[in-house]
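Residue-level structure breakdown
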Amino acid sequence: MSGYWAGILSILAINIIFAYGIFIPVASGQLNLGGAGFQAVGAYSAGWLSASFGLPVSVTIAFGIIVTGVIGVLIAFPILRTKGVYLVLATFAFAEVIAGAILSSEPLGGAMGISVPGYIDWYVSVIFAGLVTVFVFYLMATRFGLTIRAIHDDEDVSDLMGVSVRNVKVAAFGIGAALTGLSGGLYAHSFSYIEIQGFNALVSIYVLLYVLLGGTQTAWGPLVGATFFTLLPEALRSVLPATKNFLVTLFGETGIVAPPDESWRFVILGALTVLMMVFRPEGLVTRTMVERLQFWRPVSRGVTQ
Amino acid sequence: MLLLQQFVNSIMLGSVYVTVAVAFTLTIGILNFLNFTIPTLFMIAGMMGWALSYYGLPLGLSGPLPWPIALMGAVVLTIIASLIVERFTFRYLKTKYGDSTEHAIPLVSSLGFLLVLENLVRIGYGTDSRRFEGPDADLTMNIGGIFVRVPQLVSLAVTVVIVLGLTMMIKHSRIGRGLRAIAENPDAANILGVDTRRIVPVVFILTGLLCGLAGALFAINYGEVSPAMGEDIGTKAIAGMVIGGLGSIWGAVLGGLIVGLIEMMTVHFFGADTVQVMVWGALLLTLLAYPSGLLGHNTIGKGKL
Amino acid sequence: MSAHSPLLSLKDVSKGFFGLQVITDVSFDIAAGARMALIGPNGAGKTTIFNLISGVYTPDKGQINFAGQEISLVPSRKRIGLGLARSFQNIRLMPHLSVVENIMLGQQSQAGGLLSMATPLMGRSRWRREAEDLLARMNLETYPGEVVATLPYGIRKKIEVVRALASNPKLLMLDEPAAGLNPNETASLRDFLMGISEAGTTILIVEHDMGLVRSLCDQAIVLNFGRKIYDGLTRDVQEDPLVLEAYLGSRHAQENAHA
């Protein structure tokens, strides 16, 4: 396999895990706009342990998962007391505080970043992505998954049905954080170098949009969303130069500008977001759609997921 | 004396945050909508001001425009952009089930718009900082040993006028009464004969105006604009708004000034790297410990999102 | 709990909001196995009584006893496990869950425990089977896999009752179950509730359809302006002077408003 495709597959696998980490709290109705912060915790925990003590990758990644998961649970108690706009802002602020703390921390390399020994091949991340996908599908099929979705629809009635709303939300937040930490650890070891600028607010926005556009009603959503938007730039590779030339002429530029092609991917992501919110706010994959695609199943058994 | 000079500087710095913070607080207070395009609108004002003064109108309709006209044009364009945002974000919010992701529709579309607008500007004009040829930004006055730059003083004056005008308008005008009715209860406002479809765009016109003026003042003050200029101001304006209390205009003023003060003092005592942690830490603490902020109303933003 | 003590009893319960007294010194008992109606003009405080019993609100004053236990301070989430289940005035099923999943949510208090949270609810799990059986017994077996939001109103109304039943309640509280149903649907609802009652479940309903109230409930409590004005047999309710005044008074007012 060429290095190019190996890189794409690594990032695809990492994005899928990352998206699932955000999906679980979002499925319970908690918009987490601090994804990059949690991913940074995972990446730096693993990277620091690896760079400072030379421990094996399995240990460092496990450490990253645990640290992020524990921080997720600890921060969940105060953060989940806030609601609505406040929750979005609190998760966002959390990510900024993490980024700021890493930026001003000497042992974590500050603005310079750190090199991470213990390189892992693309297939490690892909295997993990497969396992995480199976895990989340399983989780959403359990009673825990049922209560998560019930809380998303109506917190007050869930409470009256006997669901411990707070515990379920904290657990969802913690499990999500741990998965995000796993994606961070894999990132650190796949790309051998991490810098805090790579975990900025935009990253938090992208991953939340992958999840919301994919759909939050089923575990298919994040898989579809993350895959689509990670592979989109590859698909657009040939279309882009022509469009770019056209726009450059329109804006009256003469040669001094070299538009970064990355930008197109995000223009499309943004435009699709706006259109989806207008026409299909529930996301690409919905319950009803999954149900229709399961026509080969016996009707009386209904939807399994 | 040095500390006093720093204090004056922090007020000047804070006044930039204030205008943007007021824009944020206005949309949250009236529409319960955290509009993430606000920093982008601010950036668009700056970049369009530069583009009009550097290239002139598109398609060769005019040569480079003088800076005051360019900036006025930029403010108008920003208001138009804000109205486009309204067209696609807020107008389509239809709550069918009242679940938590549904209430996030405007917020999520505003994230989409953020990506589209930011990246289009990057594609059109590149990512570099651009010199804005305005009036002499370094014209300085010496008031009793304290140095104040004249453009900064003008900005401060404009900010004060905007805030006073806005509060007067909301308190006394017919439109202001409509806005307050919607803030209180959108459904009841509708029943009481407030035409929400006509009043809501007013919020976006005001948002565009505030962001446009802030961007123009920024361009004059710093003599430099870039596609990234919204990020820093935007995050600090959010911090100011939260510290002051969501939905309160005077809270946003106070909060913006406090953030300016925190920033200056942090730079003075700890160095620039810790600013992010201090500002966002203050924000996170406010959210968790005292969510209504200094002057906020404790009901705003608590609704479902 | 002695054989004669009532299943549910309210003693001098009062509740106000922002200085507005909504419920004033209401006391009543419901015996196990009864079919009780809670009626009264709009705004009399019927739904508030439901919210006090189910724990959405805490009373300002007074006691609520259920199955021999004082429950005013029991958290709302624990009350369904004691045997108190309810439906809502506006249907509050989870719109994105399928019918059978809504019923399985109703079983939450029965499932209990951390381990049950990790059990899958797919295929042949015990909970799914029980939910499907319950739906079949209520003649709703056609819909188990469908997402609730897409179903007609009358069906959703019934499913909400079945969801409450899934917790094996001692007391089933229904808030206007017949609102919006046509006469045929109301008749079928009546038989449905009769069946539930015969199986031993105590029923408390808030209902405006007096036909349903008379044919289903043997006893009635009438509220007006947050106070109890009648407590007795349903068949005598329309001869009670206070009740007549409350209803005719309000009907008078309505007619005047229309004129």
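Definitions and limits used
- Residues numbered from 1 in each chain as written.
- Chains lettered and ligands numbered in written order.
- Predicted model: local features only at pLDDT ≥ 70, side-chain atom pairs only at ≥ 80, totals over all residues.
- Heavy atoms only, no water.
- Pairing = 2+ DSSP bridges.
- Helix = DSSP H or I, 4+ residues; strand = E, 2+ residues; numbered from the N terminus.
- Contact = heavy atoms within 4.5 Å.
- Buried area = accessible area lost by both parts, 1.4 Å probe.
- Salt bridge = Lys/Arg side-chain N within 4 Å of Asp/Glu carboxyl O.
- Polar contact = N/O pair within 3.5 Å; in protein donor to acceptor, adjacent residues only side chain to side chain.
- Nonpolar A, V, L, I, M, F, W, Y, C, P; charged D, E, K, R; others polar.
- pLDDT = per-residue confidence, 0-100.
- Patch = residues over 30% accessible without salt bridge, like charges linked within 9 Å, V, L, I, M, F, W, Y side chains within 5 Å.
- Areas by Shrake-Rupley, 256 points an atom, 1.4 Å probe, with all protein chains shown as cover.
- Lys, Arg positive; Asp, Glu negative; His and termini not counted.
- Charge placed at Lys NZ, Arg CZ, Asp CG, Glu CD.
- Buried < 20%, exposed > 50% of the residue type's maximum accessible area, 1.4 Å probe, protein only.

Here we look at the pairing of strand β10 (residues 227–233) of chain C
Residues and elements named next belong to chain C. Of the pairings in the sheet, the one linking strand β9 (residues 219–224) to β10 comprises 6 bridges and is antiparallel in character. Across the sheet, the residue bridging to Asn-224 is Arg-227, located in β10. The turn linking β9 back onto β10 is made up of 2 residues, and Phe-225 within it adopts a positive phi angle of 45 degrees.

A few points about the interface of chain A and chain B
Between chain A and chain B, the residue contacts involve 52 residues of the former and 55 residues of the latter. Here chain A meets chain B over a buried area of about 4700 Å², counting both sides, of which 76% is carbon and sulfur. Taken together, the links from chain A to chain B amount to 0 salt bridges. At the boundary of chain A and chain B, one finds 2 residue pairs in polar contact (both at pLDDT 80 or more). Where the side of chain A that touches chain B is concerned, the elements lending two or more residues are α3 (57–79), α4 (84–103), α6 (143–153), α9 (201–214) and α12 (262–279) of chain A. Ranked by the residues each element gives to the side of chain A that touches chain B, the list is headed by α4 of chain A, at 15 residues. Of the residues belonging to the side of chain A that touches chain B, the class tally is 37 nonpolar, 10 polar and 5 charged.

Brief notes about the confidence of the model for chain B
All names here are of chain B. Across chain B, pLDDT averages 84, with 92% of residues at or above 70. Averaged over each element, pLDDT in chain B is lowest for helix α7 (residues 186–191) (75) and highest for helix α2 (residues 38–54) (93). Interface confidence in the predicted complex, given as ipTM, is 0.88; pTM for the same model is 0.88.

Structural notes on a positive patch on the surface
Residue and element names in this part refer to chain B. A grouping of Lys-171, Arg-174, Arg-177 and Arg-180 is seen on the molecular surface, where their side chains present a positively charged patch. For the positive patch, the leading source of residues is helix α6 (residues 174–184), giving 3 residues. Topologically, Arg-180 is positioned in helix α6. By relative accessible area, which is 38% here, Arg-180 ends up partly exposed.

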